[in-house]
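Listed below, chain by chain, are the residues.
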Amino acid sequence: MDKEHEVLLNAFVIAKKRYRVFYNAGILVWEDESSKKAKTTVPITDVLSVVLSKSPHASGKQWMKRNKPQASSAKTKREAHGSLDSDRIPVLSSSVSSTTTNTLATNNSSIPQSHSNRGSSNDLSNSSSDRREGEFYDGIPSGSGNYLIVHYAAIVCPKTNRWRVRSVVLYNSEQRIVELWCNRLTSDLRDQNRPKNLLLFLNPYGGKKNALSLYERFAKPLFRLAEIDVNLIITQRAQQIYDIVTSKSIVLDNYDGLVCCGGDGTFAELFNGLVTRTMMDLGIDIKHPPYLPKPHIPIGVIPAGSTDTVAYCLNGTTDIKTSIIHIILGQHSGLDIAAVYDAAVVKTVERQSRPQLLKLYASVLSYGYLGDIAYDSEKYRWMGPKRYDYSGFKKFIGNRGYGGEIVVQLDRHGKQDPNDGVRCVDKCQRCQRAVWSGGDGSGTGMEETATETHVVRGKFLMVNGANISCACLRSPQGFSPYCHLGDGLLDLVIVRHTSLFNNLRLLLTMTSKTKKISDLPFVEIYRTREFRFTTEGISGVETTPVINASNNQHSKWNCDGEVLVETNIIVESNCQLVQVFRRGIVPKTGVANALATDDKESRCFGLCK
């Protein structure tokens, strides 16, 4: 019989009760025989690992014993199903390979030595002294050797988009049946095309400087559970990730993905290096590229920075466990990357050649207030993340404005509305259409003939090119809440220079969970694929400088946390230039309906934090 149409149906014992368990077409379901309402459904795409065991201890017998006196009634129910947090997952020694595959090939002495996550299995598995023959787990003898342990991922908090690892222990007296189920599930897991070899860069200096401890506590156990080989490189300086990825001595084809553990700046180093490496491999001029090629290897981010804006917009949360789970499950989607070119050389080079490529960014490029903060805060790195608050307060009181001219290309038919009220969620139709519609997600393509030039001049507090919504814990709505991740467009957010009172209104609105800065009268938002910014008129558009030539004081650009000193720039969006490990943000209504139809034990009850 075809495996796709083959149905597995048997009775198993779960937590003292008999359950009817069946598996078909990639869906695993178990329901209580005495109550049809007690039903749990798990797709194979959410299963992390399947283990055939002689004892049920991999579901955390010792952990349950320690926490039983403090457990609430809701928590006790979840523990009866074998739920686990990802930082408490013990791994059976039989499920961990004893060999280590180190595929990092390099002769560059400047690259630090890599470390593999495949250590001794005793780090995570329960000691044999903790398990004695004749002990019982939920009424089942532990020495029978008929246990199937399934670790799976589930979204447990709709409000915060948090995922957690759960476990279920299936017992059957016939070992033949248990082995049949294990072989079938394991075979289907192999067909998921998940990463098995990852190159992971860890920045120990970003954020609160606890990235290494977070990796050891959360990422390492989960990667080991999923049997993923991780070559870990701990960086020691800025731009080291870029230098390593662009080095010809490293073979990127040996990896199924590149991952970084750090903040937005660390992630920016990773994709800047990957795109540059792709251009080098194709023989493209990296300074004046005619186009930007798409790398074939997906990338991921484990949030450990100060704000983690990219991780928040990708997953709807900065929860580190959620990001790790998404990387393990292996699904990925396209992410727009904006390119920054030097507009100052446009007047000197020939029309046929491209301007010089300065940087790529994934979140936001900001001139004025945020640019000043990025430049000034470099002097106070010893303060840690507090330096941004200190520099921000100084620049807020200063209330400086900067003159400039912005030339933006807008859709002639007005179809690109930055306030359309449509958010980017899982299976976003706008982002899906962008792949075949020319990169603007409208279904018609944003060709040059369908655009018109719009010029904005004046004095600005901020000029922001938002590639994503730029939402984070501090700013739940971000600059533009309806900016999409893969539609090939960016939102140009212009904040006019105004009074301190209005600046305070802006900051309060940025921290609001419901208000949007687009509602403020001194804020303008344009959705476009390209814009130019200059501190004086552009040749062919305006010949008269918009600011006094004697006033040569300019701001700096904040490009994903890095300072750009070039003032006159051109920004272009590149539709889904890189593939990023993510499952997508599930709409709140969809999650609520799923939890309503599922068993109550799948809910977090506020305990997932």
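As the structure is a computational prediction, the values presented were derived from the model and not from experiment.

### Quick notes on the overall build of the protein chain
Each helix and strand counted, the protein chain has 13 helices and 25 strands in total. For the protein chain, buried positions account for 57% of its 609 residues. Taking contacts inside the protein chain between residues at least 6 apart in sequence as the whole, the part at least 24 apart equals 77%. Put simply, the protein chain shows about 26800 Å² of open surface, and 50% of that area lies on carbon and sulfur atoms.

### Concerning the environment of T511
Inspection of the secondary structure puts T511 in the loop between α12 (500-510) and β21 (523-528). Each residue touching T511, except ones within four places of it in the same chain, is listed here: R474 and P476. Within the local environment of T511, its side chain forms a polar contact with the backbone oxygen of L508, the two atoms lying 2.9 Å apart.

### Concerning the pairing of strand β18 (residues 402-411)
Most of β18 is tucked away: nine of the ten residues are buried. Both β18 and strand β19 (residues 451-466) contribute to a ladder of ten bridges, which runs antiparallel. Paired with Q409 across the strands is T453, a residue of β19.

### Quick word on the packing of aromatic side chains
For the structure shown, the criterion picks out eight aromatic pairs. Plain terms: the ring middles of Y367 and Y402 are 5.8 Å apart, the flat faces sit at 65° to each other, and that makes the pair edge-to-face. Of this pair, Y367 sits in strand β17 (residues 364-368) while Y402 sits in strand β18, placing them 35 residues apart in sequence. Each member of the pair, Y367 as well as Y402, carries the same accessibility label: buried. An aromatic cluster of at least three residues, connected via ring pairs, comprises Y367, Y402, F533 and W557.

### Details of the environment of Q331
Mapping Q331 onto the fold places it in the loop between α8 (320-329) and β15 (332-342). Separated by 252 residues in sequence, Q331 and R583 have C-alpha atoms that sit 6.1 Å apart. The residues touching Q331, leaving out its near neighbours within four places in the chain, are T45, H326, V580, F581, R582 and R583. At 3.1 Å, the side chain of Q331 forms a polar contact with the side chain of R583.

### Digging into helix α3 (residues 175-190)
For α3, with 16 residues, the first-to-last C-alpha span of 22 Å sits near the 22 Å given by 1.5 Å per residue. I177, V178, W181, C182, R184, L185, D188 and L189 are the residues of α3 that are buried. Along the axis of α3, the buried residues cluster in a sector spanning 170°; they form a single face. Every exposed residue of α3 that faces more than 90 degrees away from the buried side is listed here: R176, N183 and R190. Those residues of α3 that are buried lie in contact with β1 (8-14), β2 (17-24), β3 (27-32), β5 (47-53) and β9 (147-157).

### Regarding the pairing of strand β22 (residues 530-534)
Pairing of β18 with β22, which is carried by four bridges, proceeds in the antiparallel orientation. Across the sheet, V407 pairs through a bridge with R532, a residue of β22. Across four bridges, β22 lies against strand β25 (residues 569-581) in antiparallel orientation. Bridge pairing in β25 places E530 opposite E572.

### What about the nonpolar core?
By size, the foremost hydrophobic cluster in this structure holds 64 residues, and its most contacted members are F267, L335 and L506. The biggest single contributor to this core is helix α6 (residues 264-281), with seven residues. Setting aside its immediate chain neighbours within four residues, L335 contacts F267, L314, A362, I468, L485, Q576, L577, V578 and V580. Core analysis: the next-biggest nonpolar cluster, separate from the first, contains 31 residues, V165, A226, L232 and I328 among them.

### Considerations on the confidence of the model for the protein chain
Residues with a pLDDT of 70 or more make up 75% of the protein chain, whose mean pLDDT is 79. Low pLDDT, under 50, characterises residues 118-144; the predicted model gives this stretch 60 contacts beyond four residues in sequence or across chains.

### Some remarks on the pattern of salt bridges
Tallied over the entire structure, the rule returns 21 salt bridges. Between K17 and D32 there is a salt bridge whose closest N-O contact spans 4.0 Å. One end of the pair, K17, is in strand β2; the other, D32, is in strand β3, with 15 residues separating them in the sequence. Judged by its relative accessible area of 4%, D32 is buried. Close ionic contact of E216 with K220 constitutes a salt bridge, the shortest N to O distance being 3.6 Å. Here E216 pairs with K220, and both are found in helix α4 (residues 211-225), just four residues apart, close to one helical turn. Through salt bridges with shared partners, a single ionic network connects K248, R277 and D281.

### Concerning the packing of helix α9 (residues 369-377) against helix α10 (residues 386-398)
Direction vectors running N to C along α9 and α10 enclose 130°, while the axes themselves pass 9 Å from each other. By the angle class used here, α9 and α10 are oblique. Where α9 crosses over α10, the two elements pack in a sense that is right-handed. Across from Y369, D372, I373, D376 and S377 in α9, the residues of α10 making contact are R387, Y388, S391, G392, K394, K395 and F396. For the contact of α9 with α10, the class distribution of residues is four nonpolar, three polar and five charged.

Rules used in this analysis
Residues numbered from 1 in each chain as written. Predicted model: local features only at pLDDT ≥ 70, side-chain atom pairs only at ≥ 80, totals over all residues. Heavy atoms only, no water. Helix = DSSP H or I, 4+ residues; strand = E, 2+ residues; numbered from the N terminus. Buried < 20%, exposed > 50% of the residue type's maximum accessible area, 1.4 Å probe, protein only. Contact = heavy atoms within 4.5 Å. Areas by Shrake-Rupley, 256 points an atom, 1.4 Å probe, with all protein chains shown as cover. Polar contact = N/O pair within 3.5 Å; in protein donor to acceptor, adjacent residues only side chain to side chain. Pairing = 2+ DSSP bridges. Phe/Tyr/Trp six-rings, centres within 6.5 Å; stacked < 30°, edge-to-face > 60°. Expected span 1.5 Å × (residues − 1). Arc of directions from axis to C-beta. Core = buried A, V, L, I, M, F, W, Y, C linked by side-chain atoms within 4.5 Å. pLDDT = per-residue confidence, 0-100. Salt bridge = Lys/Arg side-chain N within 4 Å of Asp/Glu carboxyl O. Axes fitted to C-alpha atoms, helices over the stretch in contact; angles between N-to-C directions. Parallel < 35°, antiparallel > 145°, perpendicular 65-115°, else oblique. Left-handed = near helix turned anticlockwise from the far one by under 90°. Nonpolar A, V, L, I, M, F, W, Y, C, P; charged D, E, K, R; others polar.

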